[in-house]
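One-letter residues, chain by chain:
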Amino acid sequence: MAEIAFYNVTKRYGDTVAVDNASFTVADNEFFCFFGPPLSGKSTILRLILGLEKPDVGEILIDGKVVNAVSPAQRNIAMVFQNLALFPHMSAADNIRFPLIERNEASAIIEARLKDAAEKLHIVHILHKMPGQLSGGERQRVAIARALVRDPAAYLMDDPISALDARLREETRVELKRIQREAGRTLIYVTHDQEEAMSVADRMAILEHGVIRQVGTPVEIYDNPATTYVARFLGSPTMNILPVQRVGEGYEAASGALRIQSQTVAGATELGLRPEDLRVQPFAGKGSPATVAEVEPLGGYTVVTLTAGDVSLHAMVRGQPDLRVGVQVTLSCDPAKVIYFGASGTTLPRMRGVAQ
Ligand code: ADP
Ligand code: MG
């Protein structure tokens, strides 16, 4: 078992602050994702957990014990690196056996673990092959199996399936989730792919320039992003974030094309509304219209790009609505779905139970 925690950890490389005063706790058996753009500090966090790097400030704890001075080998954490490095001159089976042979495990144990990992990862039929004879996806599974046999306290995976094509990525992420559940181990996972993060993570942390902006379940973060950065980072198309003005009994955005009944939200400068929460109807001849600029039918739903004044909005509409480019439409939404942001981009407390 392993609970992994950071307390106020900072790691610098020269002038670069790779990890900036990070605090979090990953629970035992949790599938925890670090999600952020390139260079946001994801890999550095994994290297700190593994013990390949030491923090400049702060404490790293495994199961409640400070491990800053503990060597990587003693931490018993297995890493699957971004550029998975299988030994090219060894068969898949020998690659998987390798960490156990290094530890002088008895051969009966080695063979039992190999069989177990190979079955879990569905690679029994390729164990005799050399890495050069395997597809990218197969190599990835062998690398994961090699981490699995070590029976570590926790696994770290750095964007482990980014090299796979889209269909195999989806398949593998479902399997990873199953393997983690069955193995009953903590898994800390790094990805830059939002769909992947949302689909596998029990909880996730969103990084921006080494700073953890929010920690929560994917749904919590999607529904209640802490800042405009987080709000824009999750969801496709991204959340509509529009400047707002207080007008009468509510707020107006998009040159009056979107009007929301609401009490005053102190300090509100922008509103956020997910594309699936923006309603699009034929122009009713009342209020200010928006104009359809683009229609993308995607089968089950359609992405509609709209313009109103100098802003552009996205709506996700179920099915195939009868909308053509250039037509005028009326926009509306459930006021309870609207998020308000202050001048610094921080989410303001939500207005609940507001009548429309
Ligand atoms: P990510 O994995 O999210 O892409 P990294 O953790 O690799 O981000 O990098 C975070 C920041 O730290 C980046 O600005 C990167 O350039 C810097 N960095 C990472 N490793 C080193 C290193 N060994 N030496 C100097 N700078 C580094
Ligand atoms: Mg990285």
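Residues numbered from 1 in each chain as written. Chains lettered and ligands numbered in written order. Predicted model: local features only at pLDDT ≥ 70, side-chain atom pairs only at ≥ 80, totals over all residues. Heavy atoms only, no water.

Quick notes on the overall build of the chain
Thinking step 1. Each helix and strand in the chain was counted, giving nine helices and 21 strands.
Thinking step 2. Structurally, the chain occupies a C-alpha span of about 80 × 45 × 35 Å along its principal axes.
Thinking step 3. Going through the 356 residues of the chain one by one, you find that 49% of them count as buried.
Thinking step 4. Summarising the internal contacts of the chain: among those between residues at least 6 apart in sequence, 65% fall at separations of at least 24.
Thinking step 5. Summed over its atoms, the accessible surface of the chain is roughly 16,700 Å², and 51% of this surface lies on carbon and sulfur atoms.
Thinking step 6. Where the 37 positive side-chain charges of the chain centre and where its 41 negative ones centre are 1 Å apart. (Helix = DSSP H or I, 4+ residues; strand = E, 2+ residues; numbered from the N terminus. Buried < 20%, exposed > 50% of the residue type's maximum accessible area, 1.4 Å probe, protein only. Contact = heavy atoms within 4.5 Å. Areas by Shrake-Rupley, 256 points an atom, 1.4 Å probe, with all protein chains shown as cover. Lys, Arg positive; Asp, Glu negative; His and termini not counted. Charge placed at Lys NZ, Arg CZ, Asp CG, Glu CD.)

Thoughts on the environment of Asn 68
Thinking step 1. Positionally, Asn 68 belongs in the loop between β5 (65–66) and α2 (72–75).
Thinking step 2. For the pair Asn 68 and Glu 3, spaced 65 residues apart in the sequence, the C-alpha separation amounts to 15 Å.
Thinking step 3. Aside from chain neighbours lying at most four places away, what touches Asn 68 is Lys 54, Pro 55, Gly 58, Glu 59, Ile 60 and Arg 75.
Thinking step 4. At 2.9 Å, the side chain of Asn 68 and the backbone oxygen of Gly 58 are in polar contact. (Polar contact = N/O pair within 3.5 Å; in protein donor to acceptor, adjacent residues only side chain to side chain.)

A look at the pairing of strand β18 (residues 301–308)
Thinking step 1. In terms of burial, β18 is largely enclosed, as six of its eight residues are buried.
Thinking step 2. The pairing of strand β17 (residues 290–297) with β18 spans six bridges and is antiparallel. Within β18, the position partnered with Glu 294 by the bridge is Thr 305.
Thinking step 3. The turn joining β17 and β18, which pair antiparallel and follow one another in sequence, is formed by three residues; a positive phi near 95° is taken by Gly 299.
Thinking step 4. Sheet topology places β18 next to strand β19 (residues 311–318); eight bridges connect them, and they run antiparallel. Along β19, the bridge assignment pairs Thr 302 with Val 317. (Pairing = 2+ DSSP bridges.)

What about the domain arrangement of the chain?
Thinking step 1. Under the domain assignment used here, the chain contains domain 1 (4–226) and domain 2 (233–355).
Thinking step 2. Each of domain 1 and domain 2 has a C-alpha centre, and the two are 39 Å apart.
Thinking step 3. Taken together, the contacts link 14 residues of domain 1 with 13 residues of domain 2.
Thinking step 4. Taking both sides of the interface into account, the surface hidden between domain 1 and domain 2 amounts to around 990 Å²; carbon and sulfur atoms contribute 57%.
Thinking step 5. When the area that domain 1 buries against domain 2 is broken down by residue, the three leading residues are Gln 194, Tyr 222 and Pro 225, summing to 51%.
Thinking step 6. Scanning the region where domain 1 abuts domain 2 turns up zero salt bridges.
Thinking step 7. Only α7 (194–200), β9 (203–208) and α8 (218–223) provide two or more residues apiece to the side of domain 1 that touches domain 2.
Thinking step 8. The element best represented in the side of domain 1 that touches domain 2 is α8, accounting for four residues.
Thinking step 9. Looking at the side of domain 1 that touches domain 2 residue by residue, the class counts come to ten nonpolar, three polar and one charged. (Domains from an automatic or database assignment. Buried area = accessible area lost by both parts, 1.4 Å probe. Salt bridge = Lys/Arg side-chain N within 4 Å of Asp/Glu carboxyl O. Nonpolar A, V, L, I, M, F, W, Y, C, P; charged D, E, K, R; others polar.)

Quick notes on helix α5 (residues 136–148)
Thinking step 1. With 13 residues, α5 extends 18 Å between its outermost C-alpha atoms, agreeing within 8% with the 18 Å of an ideal straight helix rising 1.5 Å per residue.
Thinking step 2. The buried fraction of α5 is high, at ten of 13 residues.
Thinking step 3. Turning to α5, its buried residues number three or more, namely Gly 137, Gln 140, Arg 141, Val 142, Ala 143, Ile 144, Ala 145, Arg 146, Ala 147 and Leu 148.
Thinking step 4. The elements touched by buried residues of α5 are β6 (77–80), α3 (92–102), α4 (107–120), β7 (154–158) and α6 (166–183). (Expected span 1.5 Å × (residues − 1).)

A short note on the pattern of salt bridges
Thinking step 1. Scanning all chains against the criterion turns up 17 salt bridges.
Thinking step 2. Salt-bridge contacts for Asp 116 lead to Lys 120; the nearest nitrogen and oxygen are separated by 3.1 Å. On the criterion of helical spacing, the pair formed by Asp 116 and Lys 120 is a turn pair, its members being four residues apart in helix α4.
Thinking step 3. In this structure, Arg 173 and Glu 195 form a salt bridge, with 3.3 Å as the shortest nitrogen-oxygen distance. Remark: Glu 195 occurs in helix α7 and Arg 173 occurs in helix α6; sequence separation between them is 22 residues.
Thinking step 4. Judged by its relative accessible area of 12%, Arg 173 is buried.
Thinking step 5. The network of salt bridges with shared partners includes Lys 11, Arg 47 and Glu 53.

A closer look at the packing of α3 against α5
The packing of two helices is summarised by the inter-axis angle and the distance between the axes.
Thinking step 1. Packing of α3 against α5 brings their axes to within 7 Å, and their N-to-C directions diverge by 25°. Relative to α5, the element α3 lies roughly parallel. The handedness of the crossing between α3 and α5 is right-handed. Contacts between α3 and α5 pair Ala 92, Asn 95, Ile 96 and Pro 99 from the former with Val 142, Ala 145 and Arg 146 from the latter.
Thinking step 2. Per-class residue counts for the contact of α3 with α5 are five nonpolar, one polar and one charged. (Axes fitted to C-alpha atoms, helices over the stretch in contact; angles between N-to-C directions. Parallel < 35°, antiparallel > 145°, perpendicular 65-115°, else oblique. Left-handed = near helix turned anticlockwise from the far one by under 90°.)

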